Amino acid sequence: MNVNQIADLLGSDGEALLNHQSKTIDKSLLHLPGPDFVDRVFADSNRSPQVLRSLQALYGNGRLANTGYLSILPVDQGIEHSAGASFAKNPIYFDGENIVKLALEGGCNAVASTFGALASVSRKYAHKIPFIVKINHNELLTYPNTFDQIMFGSIRNAYDMGAVAVGATIYFGSEESNRQLVEVAEAFEYAHELGMATILWCYMRNPAFKQDKDYHVAADLTAQANHLGVTIQADIIKQKLPENNGGYKALNSGSSSYGKLDERIYTELTSDNPIDLTRYQVANCYMGRAGLINSGGASSGDAKNDLADAVRTAVINKRAGGQGLISGRKAFQKPMNEGVALLNSIQDVYLDTDISIA
């Protein structure tokens, strides 16, 4: 897929996305992706040689190898969304081996999944594609449903099965977030001690964030979640693509007092363009010292719409200064050949030198 085909998929958004020049946070201030990213950024940090080796394994695999960009297949929805709801469209993925096969055939840098799925085939595949073990989940079998991230295994178990990295979620803004923050910080510290890299899903979760808009995807709130994630030394941040802004303002309305803000967040550091909103997320990852990978989102059930949406997200992420996409449902809820084609199309955005940082 070339830039003209990408422009066709973007449709009426093509001009605003492909030709936008950011006037908010200048790209010269960012630590941008590149073949030398581990040497240029992480080598000066406190990360051990073993962690550097693990990070290089992630950045050095798949179709995007040694570009500084990441394409990761995440399949852990069987726990929270239920296996039936996740895999009914394509039952082969009840078997974790097919999850790994999709990541391999799709040219991904790594595969992220559960302890059970990856452990079931670790001796066969851990040396063929980097494993990222997702260590905590929100399960919805408890009645009534509760919303919390619970540890499902140990860091040592992930290490023993050959994982290159571990991933975790924190529901920032939730009642349980303080406990989750402590748990994940301790887990990430141990993962680094053992030489594994760390990836944090920095998600917002609180009913109060849904007002006139869904501020779970507000640029200002998600960016602050990113900043907290990098502070506990996550090497890579996964975040939803921002869809609006002004979460702090909305939550400060009426008699409420919430957080701290500066008007320059909205007048100078962001604009209405999604690339600038995403750049603010990158800036809060210590100006890109920790890579920002955005979520691919849910599948619409329509292959053409899913492809256009995935490519749009990749263009926004790349032009903002992000490091890639982590896309699951759009890929595994289709026949494998269609999932492979979608993953390859996302990767084509990052491989296309005509699509540059805004």
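Residues numbered from 1 in each chain as written. Predicted model: local features only at pLDDT ≥ 70, side-chain atom pairs only at ≥ 80, totals over all residues. Heavy atoms only, no water.

Visitor: Residues and numbers for the sheet that holds strand 1 (residues 70-75), please.
Guide: Ordered in space as 1-2-3-6-7-8-9-10, the eight strands form a closed barrel in which the pairing is parallel. The sheet shows a mean angle of 25° between the axes of neighbouring strands, direction not considered. With three bridges joining them, strand 1 and strand 10 (residues 324-326) adopt parallel strand pairing. The residue bridging I72 from the neighbouring strand is I326, located in strand 10. (Pairing = 2+ DSSP bridges. Helix = DSSP H or I, 4+ residues; strand = E, 2+ residues; numbered from the N terminus. Axes fitted to C-alpha atoms, helices over the stretch in contact; angles between N-to-C directions.)

Visitor: An account of the environment of L10 is needed here, citing residue identities and associated values.
Guide: Assignment of secondary structure puts L10 in helix 1 (residues 3-10). Given a relative accessible area of 8%, L10 falls into the buried group. Sequence-distant contacts of L10, defined by excluding residues within four places in its chain, comprise L17, L18, R312 and V315. (Buried < 20%, exposed > 50% of the residue type's maximum accessible area, 1.4 Å probe, protein only. Contact = heavy atoms within 4.5 Å.)

Visitor: How would you summarise the pattern of salt bridges if you had to cite specific residues and measurements?
Guide: Inspection of every chain in the model, using the stated rule, returns 13 salt bridges. As a salt-bridge pair, E183 and R179 come within 3.0 Å of each other at their nearest N and O atoms. With E183 and R179 both in helix 10 (residues 177-194), this residue pair falls four residues apart, about one helical turn. Residue class for E183 comes out partly exposed when judged on its relative accessible area of 27%. (Salt bridge = Lys/Arg side-chain N within 4 Å of Asp/Glu carboxyl O.)

Visitor: So what's going on with the pairing of strand 7 (residues 197-204)? Which residues, and what values?
Guide: Within strand 7, eight of the eight residues are buried, which leaves the element mostly enclosed by the surrounding structure. Side chains of strand 7 alternate between two faces, with A197, I199, W201 and Y203 and T198, L200, C202 and M204 buried alike. Direction of pairing for strand 6 (residues 165-172) relative to strand 7: parallel, over a ladder of eight bridges. Bridged to G167 within strand 7 is I199. Two elements, strand 7 and strand 8 (residues 236-239), share three bridges in a ladder whose sense is parallel.

Visitor: Got a sec to walk through the packing of helix 1 against helix 15 (residues 303-320)? Specific residues and values, please.
Guide: The contact between helix 1 and helix 15 brings their axes to 9 Å, and the two run at 115°. Classified by the interaxial angle, the pair formed by helix 1 and helix 15 is roughly perpendicular. In this structure, helix 1 meets helix 15 at a crossing whose hand is left-handed. Where helix 1 approaches helix 15, its residues I6, L9 and L10 are matched on the opposing element by L307, A308, V311, R312 and V315. Grouping the constituent residues of the contact of helix 1 with helix 15 by class yields seven nonpolar, no polar and one charged. (Parallel < 35°, antiparallel > 145°, perpendicular 65-115°, else oblique. Left-handed = near helix turned anticlockwise from the far one by under 90°. Nonpolar A, V, L, I, M, F, W, Y, C, P; charged D, E, K, R; others polar.)

Visitor: I'd love a proper account of the nonpolar core, names of residues and values included.
Guide: Residues L73, L102, F131, L200, I237 and V315 are the most contacted members of the largest nonpolar core, which totals 86 residues. Counting residues per element, this core draws most heavily on helix 17 (residues 336-351), which supplies seven residues. Each residue touching V315, except ones within four places of it in the same chain, is listed here: I6, L10, L17, L18, V349 and I355. Among the nonpolar cores identified, the runner-up in size contains 24 residues, and F42, V51, L52 and A110 belong to it. (Core = buried A, V, L, I, M, F, W, Y, C linked by side-chain atoms within 4.5 Å.)

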